Amino acid sequence: MIQAQTIFLLLLSNIFMTFAWYGHLKFKTAPIVIVVLVSWLIAFFEYCLQVPANRLGSNVMSAAQLKAIQEVLTLTVFVIFSVYYLKQPISWNILAGFILIGAGAMLIFKPWG
């Protein structure tokens, strides 16, 4: 149950962070000062989810496992965001690279004895 709650909070935090980091790309004429301030405001809500997620998850997972989950969620959210919000397709080589990163993250959860 703690793992599911952690993953859910990390997923939500990633949605906020993806918008904070990349959402402004649709508004290239907006002044950079405004873009930075809005991004920081969005990132505040990301931190309000990320910090509790890591605190909760650290009771049952290592920091490396939490980071691996974070990276896989980040890439997953980014692909969806890129295609549907930015209208930028993901090519096969980018997708393959992300899948390899996901495979690497899975190694962190594999017990090797």
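Going by the structure above, here's the rest.
Here is what the cut-offs are and how they apply
- Residues numbered from 1 in each chain as written.
- Predicted model: local features only at pLDDT ≥ 70, side-chain atom pairs only at ≥ 80, totals over all residues.
- Heavy atoms only, no water.
- Phe/Tyr/Trp six-rings, centres within 6.5 Å; stacked < 30°, edge-to-face > 60°.
- Helix = DSSP H or I, 4+ residues; strand = E, 2+ residues; numbered from the N terminus.
- Buried < 20%, exposed > 50% of the residue type's maximum accessible area, 1.4 Å probe, protein only.
- Salt bridge = Lys/Arg side-chain N within 4 Å of Asp/Glu carboxyl O.
- Core = buried A, V, L, I, M, F, W, Y, C linked by side-chain atoms within 4.5 Å.
- Contact = heavy atoms within 4.5 Å.

**Details of the packing of aromatic side chains**
Argument step 1. Summed over the entire model, instances satisfying the criterion amount to eight aromatic pairs.
Argument step 2. Centre to centre, the rings of Phe19 and Tyr85 are 5.1 Å apart; their planes meet at 70 degrees, and the pair counts as edge-to-face. Within this pair, whereas Phe19 is found in helix H1 (residues 2–22), its partner Tyr85 is found in the loop between helix H3 (63–84) and helix H4 (92–107), the two being separated by 66 residues in sequence.
Argument step 3. Judged by relative accessible area, which is 34%, Phe19 ranks as partly exposed.
Argument step 4. Assessed through its relative accessible area of 22%, Tyr85 is described here as partly exposed.
Argument step 5. Relative to Tyr85, the ring of Phe81 lies with its centre 4.8 Å away and its plane at 25 degrees, an arrangement referred to as stacked.
Argument step 6. Given the relative accessible area of 5%, Phe81 is considered buried.

**Brief notes about the pattern of salt bridges**
Argument step 1. By the definition in use, this model includes one salt bridge.
Argument step 2. Here Glu71 makes a salt bridge to Lys67, at a shortest N to O gap of 2.7 Å. You can see Glu71 and its partner Lys67 sitting in helix H3, four residues apart, about one turn around the helix.

**Section: the nonpolar core**
Inside soluble globular proteins, nonpolar side chains tend to come together where they are buried.
Argument step 1. Judged by nonpolar contacts, Leu10, Ala53, Met61, Leu66, Ile69 and Leu73 together constitute the single largest core of six residues.
Argument step 2. Looking at this core, the element that brings in the most residues is H3, giving three residues.
Argument step 3. Apart from the residues within four sequence positions on either side, Leu10 is in contact with Gln50, Ala53, Asn54, Leu66, Ile69, Gln70 and Leu73.

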